Every structure is written in structure tokens, then in C-alpha cells.
Amino acid sequence: MRHLIAGAFVALAASVALADTLTLNDGSKLEGRFVEQRADEIVFDQAVGARTLRLTLRQSDVKSIELKKLEPRKETAALPTLPTPTSPADYPELKGYDKHVI
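Residues numbered from 1 in each chain as written. Predicted model: local features only at pLDDT ≥ 70, side-chain atom pairs only at ≥ 80, totals over all residues. Heavy atoms only, no water.

## A short note on the pairing of strand 4 (residues 51-58)
- With eight bridges connecting them, strand 3 (residues 41-48) and strand 4 associate as antiparallel partners. In the sheet register, D45 faces strand 4, and the bridge partner there is R54.
- Count of turn residues in the strand 3/strand 4 antiparallel hairpin: two residues, of which G49 carries a positive phi of about 65°. (Pairing = 2+ DSSP bridges. Helix = DSSP H or I, 4+ residues; strand = E, 2+ residues; numbered from the N terminus.)

## Notes on the sheet that holds strand 2 (residues 29-37)
- Taken together, the five strands give an open sheet; going across it, the order is 4-3-2-1-5, and neighbouring strands pair in antiparallel fashion. Of all the strands in the sheet, the pair left with one neighbour each is strand 4 and strand 5 (62-66). Going from strand to strand, the sheet's axes swing by 40° on average, the running direction of each strand aside.
- The pairing of strand 1 (residues 20-24) with strand 5 spans four bridges and is antiparallel. Across the sheet, T21 pairs through a bridge with E66, a residue of strand 5. (Axes fitted to C-alpha atoms, helices over the stretch in contact; angles between N-to-C directions.)

## Remarks on the nonpolar core
- If you look at the biggest cluster of nonpolar residues, it comprises seven residues: L22, L24, L30, I42, F44, L57 and V62.
- Secondary structure elements with two or more residues in this core: strand 1 and strand 3.
- The residues touching V62, leaving out its near neighbours within four places in the chain, are L22, T23, L24, N25, I42 and L57. (Core = buried A, V, L, I, M, F, W, Y, C linked by side-chain atoms within 4.5 Å. Buried < 20%, exposed > 50% of the residue type's maximum accessible area, 1.4 Å probe, protein only. Contact = heavy atoms within 4.5 Å.)

## As for the pattern of salt bridges
- In total, this model carries six salt bridges according to the counting rule given.
- A salt bridge links R38 to E41; the shortest N-O distance between them is 3.2 Å.
- Accessibility expressed as a relative area gives 37% for R38, which makes it partly exposed.
- Of the residues examined, E41 reaches a relative accessible area of 26% and is grouped as partly exposed. (Salt bridge = Lys/Arg side-chain N within 4 Å of Asp/Glu carboxyl O.)

Take a look at the structure:
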């Protein structure tokens, strides 16, 4: 039963794009995002459906870690700049308003 559950997690994790891969001593592989390496633990985020599970594994249970290099973000089109109003005439809704605000 435990192997079935572990296999389900591995199958679900395989859908994570641009993921790091942890290989456990039993040969199973987990895909997700490497978060942190502590003195005797490895912290790893694994996507399961729309949720992310944070796993803390003993280093002695992990055979290897393969870190994927992320591609740099492509340039996106610059957002259009809106004109900045600079005079009272740019605010027609205030026509006839004669009070000054300091």
C-alpha cells in the first residue's frame, strides 16, 4: 500500500514543469523544487494537483539531487504609459470648481 501511495505521488509530480529531481535510495524519483539543504535534511516542494506539499527528507534517504537550470524570463512587451494630467484643463469634471486644496 505504501508503494502504491508513493507511486501516485511520483506520477502526479511528473507533471511539474522545469522541476528539480530528487532520487531516493529505493530508486523512486520526486520532481518539484529544491528549497533548502539543512545539516541532515533536505526540504523539497512537490506539486500535487493545485497544491504544493513541502517535504522534509533525511539526507540519508536521498541518493541524488538534479537541479534544473531555469531559462531566463523572456522580455515582455512594455505596458503602455498613460498620459499624466498636468493642468486643470486636463480634468473637465472639475470645471467650475474654484476651491484650492493645499
